[in-house]
Amino acid sequence: MADQNSYSAAEMSRLGTSGMSRNVGYGINKVFAAELLSTLTRSKSLIGLILGVEGLFGVVVNPLFGHLSDRYTSRFGRHRLYVLLSTPIAGLLWLGFTYAKTFDLAVVFLVTFYLMQQVPLSPYQAWMPTIIEPKDWGRASGVLNLWWQLGNLLAFLPIPLIWEFFHSAAFWVSAIIMIAGGLIAGLTVRDTTVKPVRFAQAGPGARRRFNANLRKYFVGQMLWWLAFEAIASFFTLFVIHSLHGSVIDSALGMSSFTISATLVATAFGKKYKENSSRNLLVVLLIGFGLSAFFGLFVHSVYPAFVLLFLSGIFWGGIQVVSYPWGSELLRQASRGMTEPNSDFGLLYGIINFAQSLGLLVAAPITGAVISLSHGSYSSMFWVSVASSFAAAASIALVTNDQTSAVGDVLSPDE
């Protein structure tokens, strides 16, 4: 584990550029991929099948590479190479996709791009808690989430605006951000090497690492991502058909949401306290659910912007608080066991698996609810409300056991 003065906001910013670049890739895929594929094939079902590969990779690749990064031993570090290689390669693959002249070649570039986007995600998330002392996890989470949300903002507003005037320039800017983010983080951030810190041997009362508390946490993750995607999947249609706005209004609304999440990231990080994180997360989830509830009463574009800005505050808080708290729950569950830090990659792999499940089921569930409501897109908010409150209930059932904190840290060589 790192020394007591190991936290550096500058270093976390350098690590955060990798998260930003990954989110830029995620966002521009949502904005441009379907349209670019449609210029090469008329088959909507085939386009949908290809785009669905991203979700499939998210379910399979994240736990696998998270676990591999836990067990990887190298003088270069346990997480570095996943970020250093995969993220820049993703940028090059995106350029290849945008310039592809045949459908088959475009599919090869895009599918490989999806793989390279997923490979570094769990190792990236596991990187921070292995080099930063637990007392600083909250501050680090705030900085990393600020960069993460900034990637969303760049992908959904400035880059599409560049595309409106200079098509190729938008794709080059996206690729350069992806390449630069991976290189900056991969070349400048410390990493643990050879093997993780070892902890004292377990006594007879030691508990399983992925215990009931973590399982409730995973369920909460799945549910609050379902709550988010229930709105995100149909928000443009809601703006056009229910609020009588435009696609640009939809983009501005989601940008308002992302801006507020970005603005509050470091504030929540500085206020993070592990012993109150469960209750704070429950409050934030209830707040997010209530903001979705009030969406039922919105009938014009500008009130929707205000509501989205407020809901973004809750969403930003959820992301900042839940990230370090998951690591803390693993520490608690690993009390007295050897090498609890060796499972951070698998932890975030399972978290990303749970998120992917929430994202996969959100659109079908919400679509069915909209159909049952005679095509009213406002009913999407009911799905978000129910999912948010269910997530809050799951998190409220977590036993926040402060007596399980890990102790007896030994040096890596002992």
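Just above sits the structure.
Attention here is on the structure that accompanies the text. (Residues numbered from 1 in each chain as written. Predicted model: local features only at pLDDT ≥ 70, side-chain atom pairs only at ≥ 80, totals over all residues. Heavy atoms only, no water.)

Regarding the packing of aromatic side chains
Aromatic ring pairs: the centre-centre distance and the angle between the two ring planes describe each pair. Throughout the structure, instances matching the rule amount to 25 aromatic pairs. With a centroid separation of 5.4 Å and 50 degrees between ring planes, the pair formed by Trp94 and Phe97 is classed as tilted. Of this pair, Trp94 and Phe97 both sit in helix α3 (residues 80-99), separated by three residues, roughly a single helical turn. No difference in accessibility class separates Trp94 from Phe97, as the two residues are buried. Geometrically, the ring pair formed by Tyr323 and Tyr348 is edge-to-face, given 5.3 Å between the ring centres and 70 degrees between the ring planes. With Tyr323 in helix α13 (residues 301-333) and Tyr348 in helix α14 (residues 344-372), this residue pair connects regions lying 25 residues apart in the sequence. Classification of Tyr323 as buried rests on a relative accessible area of 11%. The rings of Phe32, Trp94, Phe97, Phe113, Tyr114, Trp163 and Phe171 are connected pair by pair, giving a single aromatic cluster. (Phe/Tyr/Trp six-rings, centres within 6.5 Å; stacked < 30°, edge-to-face > 60°. Helix = DSSP H or I, 4+ residues; strand = E, 2+ residues; numbered from the N terminus. Buried < 20%, exposed > 50% of the residue type's maximum accessible area, 1.4 Å probe, protein only.)

Here's the deal with empty space enclosed by the protein
Applying the stated criterion to the full structure yields two cavities of 30 Å³ or more. Within this model, the largest cavity holds a volume of roughly 200 Å³. Along its surface, the largest cavity is lined by 17 residues, and Ile231, Phe235, Leu308, Ser311 and Phe381 are the ones closest to its centre. Looking at the lining of the largest cavity, the elements that each hand over two or more residues are α9 (212-232), α10 (235-241), α11 (247-271), α12 (277-294) and α13. Sort the elements by how many residues they give to the lining of the largest cavity and α13 lands first, with four residues. In terms of residue class, the lining of the largest cavity is made up of 14 nonpolar, three polar and no charged. By volume, the second largest cavity amounts to about 40 Å³. In this structure, the second largest cavity is lined by Ser18, Gly19, Arg22, Val83, Thr87, Pro120, Leu121, Tyr124 and Trp148. (1 Å grid on protein atoms, 1.4 Å probe; cavity = no way out; pocket = protein on both sides within 12 Å on 5 of 7 lines; lining within 4 Å. Points joined across faces, edges and corners; volume = space filled by probe spheres on them. Nonpolar A, V, L, I, M, F, W, Y, C, P; charged D, E, K, R; others polar.)

A look at the environment of Ile395
Along the chain, Ile395 falls in helix α15 (residues 380-396). Each C-alpha atom of the pair Ile395 and Asn279 lies 8.4 Å from the other, and the pair is 116 residues apart in sequence. Beyond its immediate stretch of four places on either side in the chain, Ile395 contacts Lys216, Tyr217, Gly220, Trp224, Arg278, Leu281, Val282, Leu285 and Trp325. (Contact = heavy atoms within 4.5 Å.)

Take it as geometry only, folks, not as evidence of what the structure does.
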